[in-house]
2 protein chains.
Amino acid sequence: MSGSTVIEVKTASKTYPFVIGPAAREELTAFLAQCGVTPETAIFIITDQNVIETDYPQELKARLESAGYTVYLAVAAAGDASKSLATAEQLYRTMLQMHIRRSDVVMAVGGGMVGDLAGFVAATYLRGIRFIQVPTTLLAHDSSIGGKVGVNLAEGKNLVGAFHQPILVLYDTSVLSTLPSREWTGGLSELIKHAVIGDPALFHDLLSQPASDYPGPERTAELVARAARVKIQIVEQDEQESGLRMLLNVGHTVGHAIEQKSDYSIHHGEAVAMGLIVEAELAVNKGWLSSSDRDLIIQALCLHGLPTGRPDQPISPILEIMNLDKKHQRQSWTFAVPFGIGDVRVVRDVSREDVIRAWEATNIWREGGVE
Amino acid sequence: MSGSTVIEVKTASKTYPFVIGPAAREELTAFLAQCGVTPETAIFIITDQNVIETDYPQELKARLESAGYTVYLAVAAAGDASKSLATAEQLYRTMLQMHIRRSDVVMAVGGGMVGDLAGFVAATYLRGIRFIQVPTTLLAHDSSIGGKVGVNLAEGKNLVGAFHQPILVLYDTSVLSTLPSREWTGGLSELIKHAVIGDPALFHDLLSQPASDYPGPERTAELVARAARVKIQIVEQDEQESGLRMLLNVGHTVGHAIEQKSDYSIHHGEAVAMGLIVEAELAVNKGWLSSSDRDLIIQALCLHGLPTGRPDQPISPILEIMNLDKKHQRQSWTFAVPFGIGDVRVVRDVSREDVIRAWEATNIWREGGVE
């Protein structure tokens, strides 16, 4: 199996391969066999309308069928509105009609929305069946690792879900060549986040040789593999988010609230960039981060076409949403904040006032630049 | 802590106490403290309309509040129709409004429906929070052990769910004094099933001294503790139903289908009794069970006022429902069947014809007796 990098992900509940390469699709059936998925297993592919237009799910289906697998293909509407209990219920019922059994497999072919939704369906259908992730976006390098799956409620994102590890992640980076530029850019935000958390060399590579446009399948595979290793190392040590895993939330505590308040007109990656800047500002105010490191973070985001400020809006609705954050305790707020490049820490004594002060001190971002 | 029997349940994922006694409610706060649930934790009680009329949930709420806990009480409509994704969604949203956090606890106070629903909500709310079972029916001695939680779809029962172990089961058998007689009788069916699986002495005790009416909280606690031990020993060895746990399905493969086909006018315990008889007949036909042991099983059910035959209806819709059973493989059907009293085995080579033959040979049961 040449061409792909294989990283073994060892969590407490399961060990599985994360396979990434410029032609990983050609190794799909070989890796399935290695994971014990034989042609007697039915494979239920879940994808969405956007992805189906690339013909990638159909190509994978044809590959699997010619290897003898029985394959079904379900297509959800594109967009986060499909990440719902209602769509999950439709999928359960289709799976029952297709006689999908406990020994069969769900395969998510798509971005984070598809992976989260399909993973939740796999985690709960007949009390849980096996699950494979085939990401098609740059952002999904993040969401496909770690087993967090779920759906949204009107009150917020990912409020219902489970931890359900895949048995295989297969990431063919050549599919990213057709990614719309806003999707590519959004995914860079998580890549930069992972560099800030645990790979300063990757961070400086991105500064000296930005990947603001798709740099081809080989370099993409290399960058994603490095970012993925940061996340994998953390998830291996803390599968259920009891401690270390909170580091991955850097940029997200504020970012999620911004994303939700915008009704998702600000995309996830853009919101994480904004969150990262506000949280870096907070860290500078608290004396945890040097202002030069904060400026390097802003520079990295800027070089990759990401927002370098926060939205022009009052903070109170943002604070209200943040108050529902899953990781907060009743009495104080928990944040992951940068203390340096390659040094993110979890702090539990952040007050509302700290957040307000950082928000006010952050530049305002409008389409095209800061004011 | 006098008066209660405490059985430690040790599963791969968690160890927790199963507490049963005639006045177990008096030990609730002591056991909560022992399980690490301190008064900073909010407790979200889920119950139903039937149970709320007994005032037991309100009494528990008052006990908890006087010990300093913040307690919320949510009441679902009684009946299996509440075991749905729609009710789960209402509960998630109520919990968000009450600011229930990841560190808080769901407490199910009720029978199997409440336990399954509340457990599913706990398993999936914010990707899973802690969960306590306070059973109020005899049948719930079965459903409260083992961590199987879930909701129904129109296509069948428990088709969506998870494995989510409670941190505590607290079973006060004095609440069973008010149980309607049909509910008591239904619960005896699972008690007899557990005796058939793994406690021949319990089986013979029930034959010589039937518990057809509620025999008071002490004897109830003793009987339930013995039946519970059978289930606990199996669940400890096979948390996720990969093998041994299938033994617990005896009576259920046919029973579930009967229950569902009747639109639940035949209750679970009654349907399990019917399923047990058809499966015993099948075992006799296959040469696995002696006809005298089959007759003992029928006698035990008869002495406890349970059905001793199958419903008067054609088998084809029953077979259709059975075909969806979670534990079947694609090619053959899997059954747990009795080979003797205290000896149930899993067999994987049961054909449709075997089931049809057993069905035809079983007496027909109508309200009041067999024909």
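Bear in mind the structure is a predicted one, so any value in this text is a computation, not a measurement.

Notes on the overall build of chain A
Regarding its fold elements, chain A presents 14 helices and 13 strands. For a compact globule of 371 residues, the expected C-alpha radius of gyration is about 21 Å, and chain A comes in at 20 Å, within 12% of that figure. With the C-alpha coordinates of chain A rotated into their principal frame, the extents come out at 60 × 40 × 35 Å. Taking as baseline every contact in chain A between residues at least 6 positions apart, the subset at least 24 positions apart corresponds to 75%. A total of about 12900 Å² of accessible surface is found on chain A, and carbon and sulfur atoms cover 48% of it. Mean positive and mean negative side-chain charge positions of chain A (32 and 44 charges, respectively) differ by 6 Å.

Things to note about the domain arrangement of chain A
All names here are of chain A. For chain A, the assigned domains read domain 1 (5–175) and domain 2 (181–370). The centre of domain 1, based on its C-alpha atoms, is set 26 Å off from the matching centre of domain 2. Counting each side, the surface lost to burial between domain 1 and domain 2 is near 2800 Å², with a carbon and sulfur contribution of 63%. At the surface where domain 1 touches domain 2, the tally comes to 3 salt bridges. Note that Lys-157 is salt-bridged to Glu-259, the shortest N-O span being 2.8 Å. Scanning the region where domain 1 abuts domain 2 turns up 10 residue pairs in polar contact (both at pLDDT 80 or more). Contributions of two or more residues to the side of domain 1 that touches domain 2 are made by strand S1 (5–10), strand S2 (15–21), helix H6 (140–143) and strand S8 (156–163). The element contributing the most residues to the side of domain 1 that touches domain 2 is S1, with 5 residues. Across the side of domain 1 that touches domain 2, the residue classes break down as 11 nonpolar, 12 polar and 6 charged.

A closer look at the packing of aromatic side chains
Residues and elements named next belong to chain B. Inspection of every chain in the model, using the stated rule, returns 6 aromatic pairs over all chains. Taken together, a centroid distance of 5.6 Å and an interplanar angle of 85° make the contact between Trp-184 and Tyr-214 edge-to-face. With Trp-184 in helix H7 (residues 181–198) and Tyr-214 in the loop between helix H8 (200–208) and helix H9 (217–237), this pair connects stretches of sequence that are 30 residues apart. Residue class for Tyr-214 comes out partly exposed when judged on its relative accessible area of 24%.

Quick notes on the relation of the copies chain B and chain A
Between the two copies of the chain lies a relationship made up of a rotation around an axis and a movement along it. Mapping chain B onto chain A leaves a residual RMSD of 0.0 Å; the transformation is a rotation of 180° accompanied by 0.0 Å of translation along its axis. Those values place the two copies in the arrangement expected of a two-fold rotation axis. Closest to the rotation axis within chain B is the C-alpha of Leu85(B), separated from it by 3.7 Å. Here 100% of the contact residues of chain B are again contact residues in chain A; the copies associate through an equivalent surface.

Comments concerning the sheet that holds S1(A)
Note: strands within a sheet are paired through backbone hydrogen bonds, in either parallel or antiparallel orientation. All names here are of chain A. In space, the 7 strands of this open sheet follow the order S1-S2-S9-S6-S5-S3-S4, with mixed pairing throughout. Only two strands of the sheet have a single partner each, and these edge strands are S1 and strand S4 (70–76). With direction set aside, neighbouring strand axes in the sheet form an average angle of 20°. In this structure, strand S6 (residues 130–135) lies alongside strand S9 (residues 168–172), joined through 2 bridges in parallel fashion. By the bridge assignment for S9, Ile-132 is matched with Leu-168.

Notes on the UniProt feature "binding site: Zn(2+)" (unreviewed entry) in chain A
Residues and elements named next belong to chain A. Taking the numbering used here, the UniProt-annotated feature "binding site: Zn(2+)" (unreviewed entry) corresponds to Glu-190, His-252 and His-268. Of the residues just listed, which span 79 residues, no C-alpha pair is farther apart than 10.0 Å, and they cluster in one region. Inspection of the secondary structure assignment puts Glu-190 in helix H7 (residues 181–198). Taking the relative accessible area as the measure of exposure, Glu-190 reaches 0% and is therefore buried. Of the polar contacts made by the side chain of Glu-190, one reaches the side chain of His-252; its length is 2.9 Å. Within the secondary structure layout, His-268 lies in helix H11 (residues 268–285). If we skip the residues at most four places from it in the chain, His-268 touches Leu-139, Lys-157, Glu-190, His-252, His-256 and Glu-259. Among the polar contacts made by the side chain of His-268, one reaches the side chain of His-252 at a distance of 3.3 Å.

What to know about helix H12 (residues 291–303) of chain A
All names here are of chain A. For H12, spanning 13 residues, the distance from its first C-alpha to its last is 18 Å, which sits close to the expected 18 Å at 1.5 Å a residue. All of the buried residues in H12 are Asp-293, Arg-294, Ile-297, Ala-300 and Leu-301. Summarising the axial view, the buried residues of H12 lie within an arc of 120°, below the 170-degree limit, and thus occupy one face. Looking at the buried side of H12, the elements it contacts are H7, helix H8 (200–208), H11 and strand S10 (333–340). In the stretch just after H12, Gly-305 is the one whose phi turns positive, near 75°.

Observations concerning the UniProt feature "domain: 3-dehydroquinate synthase N-terminal" (unreviewed entry) in chain A
Within the UniProt annotation, "domain: 3-dehydroquinate synthase N-terminal" (unreviewed entry) is assigned to residues 76–184 of chain A. Annotation note: span residues 76–184 of chain A, helix share 31%, strand share 29%, distance between end C-alpha atoms 22 Å.

Quick notes on unusual backbone geometry
Residue Asp55(A) is not a glycine yet carries a positive backbone phi of 70°. Inspection of the secondary structure puts Asp55(A) in the loop between helix H2 (49–52) and helix H3 (56–66). The phi angle at His99(B) is positive, at roughly 60°, despite the residue not being glycine. If you trace the backbone, His99(B) turns up in the loop between helix H4 (85–97) and strand S5 (105–110).

Notes on the side chain of Glu281(B)
On the secondary structure map, Glu281(B) appears in helix H11 (residues 268–285). Taking the relative accessible area as the measure of exposure, Glu281(B) reaches 11% and is therefore buried.

Remarks on the side chain of His252(B)
All names here are of chain B. As for its placement among the helices and strands, His-252 is situated in helix H10 (residues 252–261). For His-252, a relative accessible area of 7% translates into the label buried. Each residue touching His-252, except ones within four places of it in the same chain, is listed here: Glu-190, Lys-193, His-268, Val-272 and Glu-279.

Conventions and cut-offs
Per-chain numbering applies: the sequence of each chain, read as written, is numbered from 1 onward. Starting at A for chains and at 1 for ligands, labels are handed out in the order in which the entities are written. Residue-level local features of this predicted model are given only where pLDDT is at least 70; pairs of side-chain atoms are given and counted only at 80 or more, and the full residue set underlies all totals for whole chains, interfaces and linings. Each side-chain value is worked out from all heavy atoms of the structure, with water and hydrogens disregarded. Only runs of H or I of at least four residues qualify as helices and only runs of E of at least two qualify as strands under DSSP, and these elements are numbered from the N terminus. Atoms counted for the radius of gyration: C-alpha only. Globule rule: 2.2 Å times residue count to the power 0.38. We call two residues in contact when some of their heavy atoms are within 4.5 Å. For the accessible areas, the method is Shrake-Rupley and the probe is 1.4 Å, while residue cover comes only from the protein chains on display. In summary, the charge assignment counts Lys and Arg as positive and Asp and Glu as negative, without counting His or the chain termini. A charged residue contributes its charge at one atom only: NZ of Lys, CZ of Arg, CG of Asp or CD of Glu. By convention here, the domain bounds are inherited from an automatic or database domain assignment. Summed over both partners, buried area is the accessible surface (1.4 Å probe) that two parts give up on being assembled. Note on definitions: salt bridges are taken to be side-chain nitrogens of Lys or Arg within 4 Å of carboxyl oxygens of Asp or Glu. N or O atoms closer than or at 3.5 Å make up a polar contact, with two conditions inside protein: a donor-capable atom paired with an acceptor-capable one, and, for residues adjacent in sequence, both atoms drawn from side chains. Amino acid classes used here: Ala, Val, Leu, Ile, Met, Phe, Trp, Tyr, Cys and Pro are nonpolar; Asp, Glu, Lys and Arg are charged; the rest, including Gly, are polar. Centre distance within 6.5 Å is the pairing criterion for rings of Phe, Tyr and Trp, where only the six-membered ring of Trp is used; planes under 30 degrees apart are then read as stacked, over 60 as edge-to-face, and the remainder as tilted. Relative accessibility thresholds used throughout: buried, under 20% of the residue-type maximum; exposed, over 50%; partly exposed, between the two (1.4 Å probe, protein chains only). The least-squares superposition of copies is restricted to C-alpha atoms, and to residues with a pLDDT of at least 70 in both copies. Two strands pair under a simple rule: DSSP has to find at least two bridges between them. Axes here refer to lines fitted to C-alpha atoms; in helices the fit is confined to the stretch in contact. Angles between the N-to-C directions go from 0 to 180 degrees. UniProt positions are given in the numbering used here, feature names are shortened, and annotations may be inferred rather than shown by experiment. To estimate how far a helix should reach, multiply one less than its number of residues by 1.5 Å. Note: the arc covers the axis-to-C-beta directions of the helix.

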